[in-house]
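# Descriptive structure summary
Listed here are the chains, written in short residue letters.
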Amino acid sequence: MRREQWLVVGNLLAALAAGALASWSAPMMLAILYIDVWLLANPHIVATYARLGAMASRPRMRQALVFVAPVLILAGLTIVALAYEVAGLFAVYFLAQSFHVSRQCYGIARRCDRRPQVPWRSLPYGLIYLFPAWGYLHRSAQGADSFLGYPIWLPPVPQAWALAAGIAALVGAACWLACLAYSRRMRQAAGPFDSLVLSHLIVSQVGYVWIDDITIGWLVVNVWHNIQYLVFVYRQRQRDDTTGKEGGEMARSSAARATPWRAVLMPPMRFFLPCAIGGALLYLAASRIGESLLWLGLPTILIAHFVLNFHHYLVDGVIWKRRRTAIG
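On a predicted model such as this, the values are computed, not experimentally measured, just so you know.

### Re the overall build of the protein chain
When you go through the protein chain residue by residue, the secondary structure sums to 10 helices and two strands. Traced from its N-terminal end to its C-terminal end, the protein chain shows the element sequence α-α-α-α-β-β-α-α-α-α-α-α. Counting the 328 residues in the protein chain, one finds 47% classified as buried. Surface accessibility of the protein chain: about 17400 Å² in total, with carbon and sulfur atoms responsible for 68%.

Here is the structure:
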């Protein structure tokens, strides 16, 4: 439990530090962006695809995700680019990414929810979606028209709508924190669930509301989101590998005593390095394909990268819905 708590807190601090450094200067913002893309976002996509192996019992679904879904996503993005150009592509991306971040946190929170019966048990799950919705309305009311150096279109939203969403979110958060205080007083521990939800609310408010620059705010959310997923997949992989193996914990502790640094560093390196290399290759391949199709007169480089992003959103939304027997 303590290790999980530290992972959640460490991820939150890393995201907030990334935002602080990105706000320092434009070169620092670019440096943080490159780190996020090459060391976090691209490995995140590969980690998602690696979980397709868990769908061995559903070959038709896996074939549809691998062969059919990318074609449909490509067709949809091409239509958007023809109709609304680059601003439309980023409009779809910003909305889809906000929902994807919330959906991922919701799914991880469900898996680590070990709370006893408490009042308003479903409230934190609603807040997971309500805070990013408030942030999206705030950005729309703010009238942001540039994102990552590209034009973006956000729907014109009255400031009153964003204010109403913010009041609802803050009131809901206050009620949930009051329930938390009651649960703590009754000594009802909930493990990492409360810390995970609270970090999501903090990151959403900082990234979507407090930070004026839409790009830097998105960067805070994206760093937090990518680290969260990589840690979750790595921990899930460890859990799957050790389930049903007698003496697994004893073997790991013996190895740790014999070679502590190697025992600690090698497992995450065996997971992260293939994801980083595979992610870099996917990124370069998407860029090369997009560059070779620029003669079509479309932003094909952006389309190629968005196909990867949206496809992994879809895959991620499917592969974790099926609870494997090895998962408790």
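### Things to note about helix α6 (residues 193–210)
Every α-helix winds through 3.6 residues per turn, so residues three or four apart in the chain are directed the same way. Taking 1.5 Å as the rise per residue, α6 with 18 residues should run 26 Å; its terminal C-alpha atoms sit 24 Å apart, in good agreement. Burial within α6 is extensive, with 14 of its 18 residues counted as buried.

### A few points about the nonpolar core
Within the largest apolar cluster, 84 residues are counted, with the highest numbers of intra-cluster contacts made by L77, L89, F90, Y93, F94, F147 and F306. Per-element accounting of this core gives the leading share, 15 residues, to helix α3 (residues 59–111). Among all residues touching F94, those that are not within four sequence positions of it are Y136, R139, F147, I152, L154, Y208 and I214.

### Observations regarding helix α2 (residues 26–50)
Helix length check: α2, at 25 residues, gives a terminal C-alpha distance of 35 Å against a target of 36 Å (1.5 Å per residue), a fit within 8%. Along α2, the largest kink reaches about 35° and is centred on V37.

### Let's talk about the packing of helix α4 (residues 123–142) against α6
The packing of two helices is summarised by the inter-axis angle and the distance between the axes. Between α4 and α6, the shortest axis-to-axis distance is 9 Å and the interhelical angle comes to 5°. As far as their axial angle goes, α6 and α4 are roughly parallel. On α6, the residues that touch P124, Y125, L127, I128, F131, P132, W134, G135, H138 and R139 of α4 are F193, V197, H200, L201, S204, Q205, G207, Y208 and V209. Looking at the contact of α4 with α6 residue by residue, the classes come out as 12 nonpolar, six polar and one charged.

What counts, and where the lines are drawn
- Residues numbered from 1 in each chain as written.
- Predicted model: local features only at pLDDT ≥ 70, side-chain atom pairs only at ≥ 80, totals over all residues.
- Heavy atoms only, no water.
- Helix = DSSP H or I, 4+ residues; strand = E, 2+ residues; numbered from the N terminus.
- Buried < 20%, exposed > 50% of the residue type's maximum accessible area, 1.4 Å probe, protein only.
- Areas by Shrake-Rupley, 256 points an atom, 1.4 Å probe, with all protein chains shown as cover.
- Expected span 1.5 Å × (residues − 1).
- Core = buried A, V, L, I, M, F, W, Y, C linked by side-chain atoms within 4.5 Å.
- Contact = heavy atoms within 4.5 Å.
- Bend = angle between axes of the 7 residues up to and from the residue.
- Axes fitted to C-alpha atoms, helices over the stretch in contact; angles between N-to-C directions.
- Parallel < 35°, antiparallel > 145°, perpendicular 65-115°, else oblique.
- Nonpolar A, V, L, I, M, F, W, Y, C, P; charged D, E, K, R; others polar.

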